[in-house]
Amino acid sequence: MSLTADLERGVVRFGTLTVGAGPVVVIGGAGADARWINLRENHGRVLASESVAAVRAGWRGPVLVEPFSAADLPEIAANAVGAVVGAAWMQDFQLVRAVARLGLPVLVQRAPSATLEEWLAVADYCVAEGNDRVVLCESGSRTHLGGVTLDLALMRAARERSGRPVLADLGGDPAWPPPRSPPAPTGCSCPPAPPSGRPSPSTRP
């Protein structure tokens, strides 16, 4: 792979928002640079058009949307700057392929039990559909204490193996979208990548 290709893969743009270069990027939560709409929280009871319109009424920045089903994809294609492959369905490869074919940048959230190879395989499915604009998001692994802990070593390995930006899921975003829409599940932040890998913005491995 050429150096140019490596650089292009390491920086992904969601509309006006650049992920993988420059200052820390926050998706969801206080001080957000972009909003994340999770349509799966309402199990299809709220239309994608209603959820997006509700957020757009009070937000003019970039919007990323996680679909509930393939029926949501036309709305996402028309009104979002990026699509989200959520942790709960990252191995629904038929829907992953359909999301990739939208031509929008794709954020792939790792399921708590997913291995590095399984996580990166989802990005490969997107590439197979002609979409190489993929960002990875670490959502944490379950611990013996019953909680979820970010795997910083896995984030670093994902960055080194793929050359892609890697985000860290830092928790909930209860204020967005507004109440009629499903809650955005994550606040993700992404600092500039150091040569050795991709750390969390607040804790470096």
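Let us look at the structure shown here. Just so we're clear, the structure is a prediction, and the values are computed from it rather than from any experiment. (Residues numbered from 1 in each chain as written. Predicted model: local features only at pLDDT ≥ 70, side-chain atom pairs only at ≥ 80, totals over all residues. Heavy atoms only, no water.)

## Describing the side chain of Asp 72
One can find Asp 72 in the loop between strand 5 (63-66) and helix 3 (73-79). Among buried Asp, Glu, Lys and Arg side chains, Asp 72 stands out as unpaired, with Arg 40 the closest opposite charge at 7.3 Å. Within the local environment of Asp 72, its side chain forms a polar contact with the backbone nitrogen of Phe 68, the two atoms lying 2.7 Å apart. (Helix = DSSP H or I, 4+ residues; strand = E, 2+ residues; numbered from the N terminus. Buried < 20%, exposed > 50% of the residue type's maximum accessible area, 1.4 Å probe, protein only. Lys, Arg positive; Asp, Glu negative; His and termini not counted. Salt bridge = Lys/Arg side-chain N within 4 Å of Asp/Glu carboxyl O. Polar contact = N/O pair within 3.5 Å; in protein donor to acceptor, adjacent residues only side chain to side chain.)

## Digging into helix 6 (residues 152-162)
Among all positions in helix 6, only Leu 152, Leu 154, Met 155, Ala 158, Arg 159 and Ser 162 are buried. Along the axis of helix 6, the buried residues cluster in a sector spanning 160°; they form a single face. Summarising the geometry of helix 6, the exposed residues directed more than 90 degrees from the buried face are Ala 153, Glu 160 and Arg 161. Residue Gly 163 follows helix 6 closely and has a positive phi angle near 75°. (Arc of directions from axis to C-beta.)

## Thoughts on the pairing of strand 4 (residues 35-38)
In strand 4, alternate side chains face the same way, and those of Arg 35 and Ile 37 on one face and Trp 36 and Asn 38 on the other are all buried. As defined by bridge partners, strand 4 adjoins strand 5 across four bridges and the pair is classed as parallel. In the sheet register, Trp 36 faces strand 5, and the bridge partner there is Leu 64. For the crossover that starts at strand 4, traverses helix 2 (residues 48-56) and ends in the parallel strand 5, the hand is right-handed. (Pairing = 2+ DSSP bridges. Right-handed = clockwise from strand over helix to strand, strands pointing away.)

## A closer look at the pairing of strand 7 (residues 106-109)
What you see with strand 7 is no split at all: Val 106 and Val 108 on one side and Leu 107 and Gln 109 on the other are buried throughout. Looking at chain direction, strand 6 (residues 82-85) and strand 7 are connected through three bridges and run parallel. Within strand 7, the position partnered with Val 84 by the bridge is Leu 107. In the classification by handedness, the crossover that spans strand 6, the intervening helix 4 (residues 93-100) and the parallel strand 7 is right-handed. As paired strands, strand 7 and strand 8 (residues 134-138) are joined by four bridges and run parallel to one another. Bridging across to strand 8, Val 108 finds its partner in Leu 136. What joins strand 7 to strand 8 is helix 5 (residues 116-128), and the crossover it makes is right-handed.

## A look at the pattern of salt bridges
Taken as a whole and judged by the stated rule, the model has five salt bridges. A salt bridge links Glu 129 to Arg 101, with the shortest nitrogen-to-oxygen separation between them at 3.3 Å. Of this pair, Glu 129 sits in the loop between helix 5 and strand 8 while Arg 101 sits in the loop between helix 4 and strand 7, placing them 28 residues apart in sequence. We classify Glu 129 as partly exposed; its relative accessible area is 26%. Across the salt bridge formed by Arg 164 and Asp 132, the nearest N and O atoms sit 2.8 Å from each other. Of this pair, Arg 164 sits in the loop between helix 6 and strand 11 (166-169) while Asp 132 is found in the loop between helix 5 and strand 8, placing the two residues 32 residues apart along the sequence. A relative accessible area of 31% means that Asp 132 is categorised as partly exposed. Here the residues in one salt-bridge network are Arg 97, Arg 101 and Glu 129, joined through shared partners.

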